[in-house]
Amino acid sequence: MACEAVRSRLLWAPIIFLALATPALCADSTDLEEFRVLYEWSKLDYEWPDDSTKARALSMGQFIPENNALAGIKVWGERVFLSVPRWREGVPATLATVPAFPQVGFASPKLRPFPSWEMQGVGNCSALQNVRSMEVDTMGRLWVLDAGRVYTASIRSDDRCPPKLLVFDLVTGYRMIHKYIFPPNVASSTTSFLSDIVLDGSGSGGAQPDNWYAYISDSGDASIVVYSMKEDRSWKVQDVNSMRADPAARDVFVAGERVNLMDGASGGGVDGLALAPVRHGSRYLYYSPLASYNIYALPTDLLRDSNSASRGVSGAVIDLGRRRSQGRGMVMDERGILYFGLLAQNAVARWNSTNSTSNQFSANGYNQYGVGGGFGTFGGPAYSTEDPRRPFDPNNRGVNFGGVLDGVLRRGSLEGSHVVISADDKLLQWPDTLAFDSTGNLWLTSNRLQNFLNNRVNLDEPNFRVIRGYTGTKSYLYGDGSDGRWSPGSGRGINQSQGGRDDRRWGNDADDTRGTWNGRDDPDDRNRPYFGSSTANPRYSSTYRPINGISDSSRSYASILTIIVTSFTAFYFC
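Residues numbered from 1 in each chain as written. Predicted model: local features only at pLDDT ≥ 70, side-chain atom pairs only at ≥ 80, totals over all residues. Heavy atoms only, no water.

Q: Quick question: what am I supposed to make of the overall build of the protein here?
A: A count of helices and strands for the protein gives nine helices and 32 strands. Taking all 574 residues of the protein together, 57% fall into the buried category. Sequence-distant contacts, at least 24 apart, represent 61% of the contacts inside the protein between residues at least 6 apart. Accessible surface computed for the protein: about 22,400 Å², of which carbon and sulfur atoms make up 51%. (Helix = DSSP H or I, 4+ residues; strand = E, 2+ residues; numbered from the N terminus. Buried < 20%, exposed > 50% of the residue type's maximum accessible area, 1.4 Å probe, protein only. Contact = heavy atoms within 4.5 Å. Areas by Shrake-Rupley, 256 points an atom, 1.4 Å probe, with all protein chains shown as cover.)

Set out below in structure tokens:
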């Protein structure tokens, strides 16, 4: 009788435990898919006209694989635009594209030169020379920033071609519709290094094709260049304190490699840019020198006024405070959330620039899920109990009220209020450029640039990655979405062409409705390298995952299995 009673209790034990554990497991399941690697290259290669052309380029030093490093990224429709700056010799194409939807068996696709091979000739000043960044406006036009100078990381640069801005129409064909050559007093062909670009069409709601401004960082001359398409002219804005490199931030260590950020043509001057969305009252341009821990802001109405800008902007500069590390790329979404890379931490962080109280964070400076967070933290609220009356106090790290209160951006508001959302010591070495697509995804490139700059590139291991994560938002250009502007790929939230699959969950993969990786079926997507997911692929587990990289769900599964096995063993041997 005693044995029968034990058997009865043991039979119910795993069932009861499963019932209690199921809610926790379901709640944690979305914590495992935040970022994932779409493409990965050990070395870059291109879609050559034929094999003989490639062989000739290799033999003549026109293609030196170790000198090709991935940098900028923008997404439009079904194409991803990637830049390969000509920092050194042997880069055959400085702007190229790959499919936005990965194809089966093509985890390392060849790059297709944009708009053509003919537009890639070094020394042909009408062609593309050295592209670092680009942007796509709401009218489907690609603005390409060409620094002009090439081989800037070599012993001697080639300064034959002036800096220029090219605009291509992506809607009616990849044709160039506008070209502007910067005058020497604005951007010099010998000292400037045009690095990043953001676009402002708020003057007419983006409805007038010519009423656009471009804000451009010139890290070489430590200035911001403003270009008016309507006037077809440009001017320079400078501030010694906020746009020049900070010697105290000169060195950064990435994966054990020391990098001097003030070395080379850029000099560590103003580099990454981000622009606030139209809907947030006073609009600000955010910027940071490469060799700096701080992020600064300037009102755009001042930048657009060439007369006021020429008289100086120092009195209007807002110092938002110190980041955890130096960084290169940054981007702002339509809600006013700023995303940026942290070089020394192999991480991506975010900061809420608005006065919204919907994104609160825990006192350790990370979110309530550890760091990776998944959908709960990447796109939604994560509440804490920190004091909401001290949003800008560095010691009150839990509150992320951001910076804009009553339409005024507060000094020091970044300090202590930005949050690391993903970190990985392998996948995120040198997070370089960030961009949004039109379906709610945040894209970024990581390129291990510390190895490139120190001449230690190993072509036998992965060096360059294109990574994507879902946020549910679009870029700063689309404001609150109420302006009715056309959006490439709009209406693809549920991709009906692929069996009604929810693209917000699957990320718009066009290879297979159930997911594939490395050319084979993978119904559960378990072998794709996710960020923040030790169970998806232990080889790519995040260093910030709790419990030494073992997820709570994995631990729960193990506990359940142990109880079940113990229970049934006792049942049969009782």
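Q: Where do I start with unusual backbone geometry in this structure?
A: A negative phi angle characterises most non-glycine residues, just as the trans form characterises most peptide bonds. Cis geometry is found at the peptide bond from phenylalanine 114 to proline 115, where omega equals -5°. As for its position among the elements, proline 115 is in the loop between strand E5 (112-113) and strand E6 (131-136). We note that arginine 448 has phi near 50°; this positive angle belongs to a residue other than glycine. What makes arginine 448 buried here is its relative accessible area of 13%.

Q: What am I meant to see in the environment of leucine 477 here?
A: You can see leucine 477 is positioned in the loop between strand E28 (464-470) and strand E29 (494-495). For leucine 477, a relative accessible area of 3% puts it in the buried group. As a C-alpha pair, leucine 477 and aspartate 333 span 144 residues in sequence and 8.1 Å in three-dimensional space.

Q: Would you mind going over the pairing of strand E9 (residues 175-181) with me for this structure?
A: Side chains on a regular strand alternate between the two faces of the sheet. Taken together, the six bridges between strand E8 (residues 164-169) and E9 define a ladder with antiparallel strand orientation. Following the sheet pairing, aspartate 169 is matched in E9 by arginine 175. Between E8 and the antiparallel strand that follows it, E9, lie five residues; glycine 173 among them carries a positive phi value of about 135°. (Pairing = 2+ DSSP bridges.)

Q: Looking at this structure, how should I read the sheet that holds strand E1 (residues 35-41)?
A: The four strands are arranged E1-E28-E27-E26 in an open sheet whose pairing can be described as antiparallel. The open sheet has two edge strands with one neighbour each: E1 and strand E26 (431-436). Strand-to-strand, the axes of this sheet are offset by a mean angle of 20°, without reference to chain direction. Two elements, E1 and E28, share six bridges in a ladder whose sense is antiparallel. By the bridge assignment, glutamate 40 is partnered in E28 with arginine 465. (Axes fitted to C-alpha atoms, helices over the stretch in contact; angles between N-to-C directions.)

Q: Please clarify how the confidence of the model for the protein should be interpreted in this entry.
A: A low pLDDT means the predicted coordinates there should not be read in detail. The predicted model of the protein has a mean per-residue pLDDT of 75, with 65% of residues at 70 or higher. Low pLDDT, under 50, characterises residues 14-33; the predicted model gives this stretch 35 contacts beyond four residues in sequence or across chains. Per-residue pLDDT stays below 50 along residues 355-407; that stretch engages in 147 contacts with residues further than four places along the chain or on separate chains. (pLDDT = per-residue confidence, 0-100.)

Q: Whenever I open this one, the pattern of salt bridges confuses me. Can you help?
A: Pairs can form between side chains of opposite charge whenever their charged atoms are close. Under the defined criterion, the tally for this structure stands at 20 salt bridges. The salt bridge involving arginine 132 is made with aspartate 432; its shortest N-O contact spans 3.1 Å. Here arginine 132, found in strand E6, pairs with aspartate 432, found in strand E26; they are 300 residues apart in sequence, far enough to count as distant. Since its relative accessible area comes to 0%, aspartate 432 is described here as buried. The residue arginine 250 makes a salt bridge to aspartate 251 at a minimum N-O spacing of 3.0 Å. By relative accessible area, arginine 250 is classed as partly exposed at 33%. Exposure remark for aspartate 251: the relative accessible area of 23% places this residue in the partly exposed category. The network of salt bridges with common partners includes Arg132, Asp271, Arg328 and Asp432. (Salt bridge = Lys/Arg side-chain N within 4 Å of Asp/Glu carboxyl O.)

Q: Please clarify how the state of the cysteines should be interpreted in this entry.
A: The tally for this structure, following the rule as stated, stands at one disulfide. The side chain of cysteine 125 participates in a disulfide bridge whose partner is cysteine 161; the two sulfur atoms lie 2.1 Å from each other. Judged by the torsion about the S-S bond (-85°), the cysteine 125/cysteine 161 disulfide is left-handed. Here the residue cysteine 125 occupies a position in the loop between E5 and E6, and cysteine 161 occupies one in the loop between strand E7 (141-146) and E8, the gap between them amounting to 36 residues. Given the relative accessible area of 2%, cysteine 161 is considered buried. (Disulfide = S-S within 2.5 Å.)

Q: Looking at this structure, how should I read the packing of aromatic side chains?
A: The way to describe two aromatic rings as a pair is by their centre distance and the angle between their planes. As enumerated under the stated definition, the model contains 15 aromatic pairs in all. Ring geometry for tyrosine 39 versus tryptophan 41: centroids 5.8 Å apart, planes at 45°, classification tilted. When sorted by exposure, tyrosine 39 lands in the same class as tryptophan 41, which is buried. For the pair tryptophan 48 and phenylalanine 63, a centre-to-centre distance of 5.4 Å together with 50° between the ring planes defines the contact as tilted. Remark: phenylalanine 63 occurs in the loop between helix H2 (51-59) and strand E2 (73-76) and tryptophan 48 occurs in the loop between E1 and H2; sequence separation between them is 15 residues. Tryptophan 48 sits in the buried class, given a relative accessible area of 15%. Judged by relative accessible area, phenylalanine 63 falls into the buried class, the value being 3%. By the ring-pair criterion, three or more aromatic residues cluster together here, those being Tyr46, Trp48, Phe63 and Trp117. (Phe/Tyr/Trp six-rings, centres within 6.5 Å; stacked < 30°, edge-to-face > 60°.)

Q: Just to check I follow, could you spell out the side chain of threonine 473 for this structure?
A: Mapped onto the elements of the fold, threonine 473 is located in the loop between E28 and E29. Within the structure, the side chain of threonine 473 is placed 2.9 Å from the side chain of threonine 471, a separation counted as a polar contact. If we ignore the near neighbours within four places in the chain, the residues touching threonine 473 are Asp333, Glu334, Arg335, Phe436, Asp437, Gly440 and Asn441. (Polar contact = N/O pair within 3.5 Å; in protein donor to acceptor, adjacent residues only side chain to side chain.)

Q: Would you explain the environment of serine 325 in this entry?
A: One can find serine 325 in the loop between strand E19 (318-322) and strand E20 (330-332). Taking the relative accessible area as the measure of exposure, serine 325 reaches 0% and is therefore buried. What serine 325 contacts, discounting residues up to four positions off in sequence, is Tyr293, Leu342, Leu343, Ala344 and Gln345. A distance of 3.5 Å separates the side chain of serine 325 from the side chain of glutamine 326, its partner in a polar contact.

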